[in-house]
Amino acid sequence: MPLPRASDVARRLLVGASLLLLMLLASACANVPQTTVLPKTEAAREIQWLYEIIFWLAVIVFIGVQGALLYIMWRFRYREGHALPEQVHGNKTLEIAWTIIPAVILIIIFIPSVQKMFDFDAAAQEGDYEISVYGKQWWWEVQYAAPDTVSEIITANEIYVPVGKKIKIDLYTNNVIHSFWVPQLSGKMDLIPGHVNSIGFTPETTGVFYGECAEFCGDSHALMRFKVIVVDEASFQQWASSMTAPPGSQAASLSGGDVAQAPAAFGVCIGCHRVAGTNANAAPVGLAQDAGTEDSPGAAKIAGPNLTNFACRTTIGAGAMPNDAEHLREWLYDPGEVKPGNYMATVIQEGTRDRRTRDETDDPARTELDVLVEYLSLLYPEGGCVPLTGENTEN
């Protein structure tokens, strides 16, 4: 089989390079809120700096290796009438060179990597705000630990923090290994059963920063998402105040005029979910309860997200779907179909809430599912939800 001509090879390389350039230009215009190459904190910029070092070293190695390969293929190509080149076995100079060069490259990578590891550890020792995040299956419970002004706040899947403040996040799990990752704010950090890991960062701009579990953890690993929402100080204080107060007066329309009373249809939810300022305040939180076993899950596994100000959340089921009435109905009708393996599906199965309410004064066509959708849609503060501004809010 004849070898391709040099002009054909050059033409193919040019076409390939052009396509690669077009792909890079297109990716630069893409909306990629989970990118690692657009850092928004000093911690993320340090990770990006390490990435750039490794990237350019890899480029140099790639060009060197491929260049040598192309030269050898061209220099020693088959040509009729030419004898085979001298056959040799082993070359001490080459062997020493290709041992020393990779060692030097690894040292260049190793030294700054270790320095940054110590820097990240120091940043995770304390913060203006300290937050405990518990990896559940498959969602995130968020408890604010310090300062005392926010220490009673419990929420889920959306972590509000004030811009310009140093944030420390302690990570817990009592089920399996998870991994907490917000690419634009910091690096990955694993959640290990029986061990507490911590990360620290200082957000520099307001916005919504997307995170996810980066360690495969079971059936709905891909639907274990979360967001870090960075707001200005005034908005954060407004949000913090609303998270320990009863819902706004609009929620009283379903509970006899008393916002502290959840409607009767919500009774099936009280064992697993809390709503601040209401009678739904007994569900377990954190890791205080036994996680149980796979066949017999304990309270810490079954307990669901705190639903305070649920209507202000952007998604349902830790990013499984958008938070609107249509998707909320779909979720409550059959949560097991939307998010396989979740523990809520052991209580609410397909259509079990789609039955007539126990209130005889209700329209006969009105179901408990209707009441739950309406009530959850009314769980927001008296003054409304905190507006989201800044990075990625167009999503």
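So, here is what we can say about the structure in this document. (Residues numbered from 1 in each chain as written. Predicted model: local features only at pLDDT ≥ 70, side-chain atom pairs only at ≥ 80, totals over all residues. Heavy atoms only, no water.)

**So, the overall build of the protein chain**
Here comes step 1: Looking only at helices and strands, one finds eight helices and twelve strands in the protein chain.
Here comes step 2: The buried share of the protein chain, reckoned over its 395 residues, is 39%.
Here comes step 3: Of the contacts made within the protein chain by residues no fewer than 6 positions apart, 64% connect residues no fewer than 24 positions apart. (Helix = DSSP H or I, 4+ residues; strand = E, 2+ residues; numbered from the N terminus. Buried < 20%, exposed > 50% of the residue type's maximum accessible area, 1.4 Å probe, protein only. Contact = heavy atoms within 4.5 Å.)

**Considerations on the side chain of His-273**
Here comes step 1: Relative to the helices and strands, His-273 is located in the loop between helix H4 (233-242) and helix H5 (299-302).
Here comes step 2: Classification of His-273 by relative accessible area gives buried; the value is 11%.
Here comes step 3: Polar contacts involving the side chain of His-273 include one to the main-chain carbonyl oxygen of Pro-305, which spans 2.7 Å.
Here comes step 4: Contacts of His-273, omitting those with residues within four sequence positions, involve Phe-266, Ala-280, Ala-283, Gly-304, Pro-305 and Leu-307. (Polar contact = N/O pair within 3.5 Å; in protein donor to acceptor, adjacent residues only side chain to side chain.)

**A few points about empty space enclosed by the protein**
Here comes step 1: Counting across every chain of the model gives two cavities of 30 Å³ or more.
Here comes step 2: Surrounding the largest cavity, 34 residues form its lining, His-273, Gly-304, Pro-305, Trp-331 and Met-344 being those nearest its centre.
Here comes step 3: The biggest single contributor to the lining of the largest cavity is helix H6 (residues 325-333), with three residues.
Here comes step 4: Split by residue class, the lining of the largest cavity holds 23 nonpolar, seven polar and four charged.
Here comes step 5: Each pocket or cavity is described by its volume, and for the second largest cavity that value is around 130 Å³.
Here comes step 6: When contributions to the lining of the second largest cavity are tallied by element, the ones reaching two or more residues are strand S4 (158-162) and H4.
Here comes step 7: Per-element tally for the lining of the second largest cavity: the top contributor is H4, with three residues.
Here comes step 8: Residue composition of the lining of the second largest cavity, by class: seven nonpolar, six polar and two charged. (1 Å grid on protein atoms, 1.4 Å probe; cavity = no way out; pocket = protein on both sides within 12 Å on 5 of 7 lines; lining within 4 Å. Points joined across faces, edges and corners; volume = space filled by probe spheres on them. Nonpolar A, V, L, I, M, F, W, Y, C, P; charged D, E, K, R; others polar.)

**Some points on the nonpolar core**
Here comes step 1: If you look at the biggest cluster of nonpolar residues, it comprises 38 residues, and the most contacted ones within it are Ile-131, Tyr-144, Ile-159, Ile-169, Phe-180 and Trp-239.
Here comes step 2: Elements supplying a minimum of two residues to this core: strand S1 (129-135), strand S2 (140-146), S4, strand S5 (167-173), strand S8 (197-201), strand S9 (207-213), strand S10 (225-231) and H4.
Here comes step 3: Residue contributions to this core peak at five residues, all from S10.
Here comes step 4: Setting aside its immediate chain neighbours within four residues, Phe-180 contacts Val-133, Trp-140, Ile-159, Ile-169, Leu-171, Gly-187, Lys-188, Met-189, Leu-191, Ile-199, Glu-212 and Phe-226.
Here comes step 5: Formed by 24 residues, the second largest nonpolar core is a distinct cluster that contains Leu-254, Phe-266, Cys-269 and Leu-332. (Core = buried A, V, L, I, M, F, W, Y, C linked by side-chain atoms within 4.5 Å.)

**Notes on the pairing of S4**
Here comes step 1: Within S4, five of the five residues are buried, leaving the element largely enclosed by the surrounding structure.
Here comes step 2: Residue alternation in S4 divides its side chains into two sets, Glu-158, Tyr-160 and Pro-162 and Ile-159 and Val-161, and both sets are buried.
Here comes step 3: Two elements, S4 and S10, share five bridges in a ladder whose sense is parallel. The residue of S10 that forms the bridge with Tyr-160 is Ile-229. (Pairing = 2+ DSSP bridges.)

**Considerations on the sheet that holds S8**
Here comes step 1: An order of S3-S2-S1-S5-S8 is seen for the five strands of this open sheet, with the pairing classed as mixed. Edge strands, defined here as strands with exactly one partner in the open sheet, are strand S3 (154-156) and S8. Going across the sheet, the axis of each strand differs from the next one's by a mean of 25°, ignoring polarity.
Here comes step 2: Bridge analysis of S2 against S3 gives three bridges, and the strand direction is antiparallel. Paired with Gln-143 across the two strands is Ile-154, which belongs to S3. (Axes fitted to C-alpha atoms, helices over the stretch in contact; angles between N-to-C directions.)

So, to be careful, I would describe these as geometric facts and stop short of saying anything about function.
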